[in-house]
Amino acid sequence: MITNIVFDMGGVLIRWDTATMLRQVDLSAEDAEIMNRELFRTVEWVQQDRGIVTEEALRSAVLARLPQRLHPAAETLIGWYHQFIFPVPGMAELVRELKGNGYHIYLLSNANLALREYFGKIPGSECFEKLMVSAEEKLLKPAHEIYERLYEKFGLNPGECFFIDDMPANVEGALCTGMRGAVFHGDVARLRRELNAAGIRCEQ
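Residues numbered from 1 in each chain as written. Predicted model: local features only at pLDDT ≥ 70, side-chain atom pairs only at ≥ 80, totals over all residues. Heavy atoms only, no water.

A. A look at the side chain of Arg-192. As for its position among the elements, Arg-192 is in helix α11 (residues 188-197). Residue classification places Arg-192 among the buried residues on the basis of a relative accessible area of 12%. Separated by 2.7 Å, the side chains of Arg-192 and Glu-97 make a polar contact. One polar contact links the side chain of Arg-192 to the main-chain carbonyl oxygen of Glu-203, over a distance of 2.8 Å. If near-sequence neighbours (up to four positions away) are discounted, Arg-192 is found in contact with Glu-93, Leu-94, Glu-97, Cys-202, Glu-203 and Gln-204. (Helix = DSSP H or I, 4+ residues; strand = E, 2+ residues; numbered from the N terminus. Buried < 20%, exposed > 50% of the residue type's maximum accessible area, 1.4 Å probe, protein only. Polar contact = N/O pair within 3.5 Å; in protein donor to acceptor, adjacent residues only side chain to side chain. Contact = heavy atoms within 4.5 Å.)

Dropping the structure here:
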C-alpha cells in the first residue's frame, strides 16, 4: 500500500521555463541564445546541482565567458529563485489534499544548496515532512544511489512510495529501485487519475 508521495520540484511544483526567464530579463534573441548556452546549458550548472560547484563559482565561470553587457541579466538568472518562482496551477491543492488524506509528503529534487532558502515560497511547501536536495547528497537523479539514499535517510520502504517527476528518466530510475511512479506532463487532472489508478486517494 502506498503511504508516501515523493515529489520532484522543477517542472512539477513550479514551472522550470528558461525561455520565459530569458524573455523577462529583456534580452534580444541573439543574447538570449548566448545566455542559454553559457549559463543553463553548462557543466557548471549541472555540477551546482550535484553540489560540487558553488553558486559563487558558477557565477565567476559564467561572467568570465559573457560580455559585460550581459552581466546584470546573468546575475538575475543565477539567483532565479528570488523572482522566477512560478507555481504549477493545481499542484498545491493536490499536495494539500494528499496530506489531508494521511499521506506522508517528501521532496526529491535535483537542485542547488539554496533550495532550503526559497522552498517556503512554493505553495503547498508546508505539507512536506522531509526534503532531499541533490546538492547536499552529492548525487543526481536518475542515479539509483539517490533513491536508495532517500529510503535509507528517511526510513522509507520503496514499495510504499510513489514518485512524481517531469523527466521520464528520473521516474524510470525510481522504478528500478522499487518505487512506483508517474511522469508529470503538466496535466494535474491526468496525474490525479494516475494516482487513483495506483490506489492513492484523491479527487478526480
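That shown, we press on.
B. Structural context of the packing of helix α6 (residues 91-100) against α11. Contact geometry of α6 with α11 gives a least axis separation of 10 Å together with a crossing angle of 25 degrees. Between α6 and α11, the interaxial angle falls into the category roughly parallel. Helix-helix and strand crossings are classified by hand; for α6 and α11 the assignment is right-handed. Two secondary-structure elements touch here, α6 through Met-91, Glu-93, Leu-94, Glu-97 and Leu-98 and α11 through Val-188, Leu-191, Arg-192 and Leu-195. Looking at the contact of α6 with α11, its residues break down into six nonpolar, no polar and three charged. (Axes fitted to C-alpha atoms, helices over the stretch in contact; angles between N-to-C directions. Parallel < 35°, antiparallel > 145°, perpendicular 65-115°, else oblique. Left-handed = near helix turned anticlockwise from the far one by under 90°. Nonpolar A, V, L, I, M, F, W, Y, C, P; charged D, E, K, R; others polar.)

C. The pairing of strand β4 (residues 161-165), seen in detail. Counted residue by residue, β4 has five buried out of five residues, so it is predominantly covered. Here strand β1 (residues 4-7) pairs with β4 via four bridges, running parallel. For Ile-5, the partnering residue across the bridge sits in β4 and is Phe-162. When β4 meets strand β5 (residues 180-183), the two strands line up parallel, connected through four bridges. Counterpart to Ile-164 in the pairing with β5 is Ala-182. Between the parallel elements β4 and β5, the chain passes through helix α10 (residues 168-176) in a crossover that is right-handed. (Pairing = 2+ DSSP bridges. Right-handed = clockwise from strand over helix to strand, strands pointing away.)

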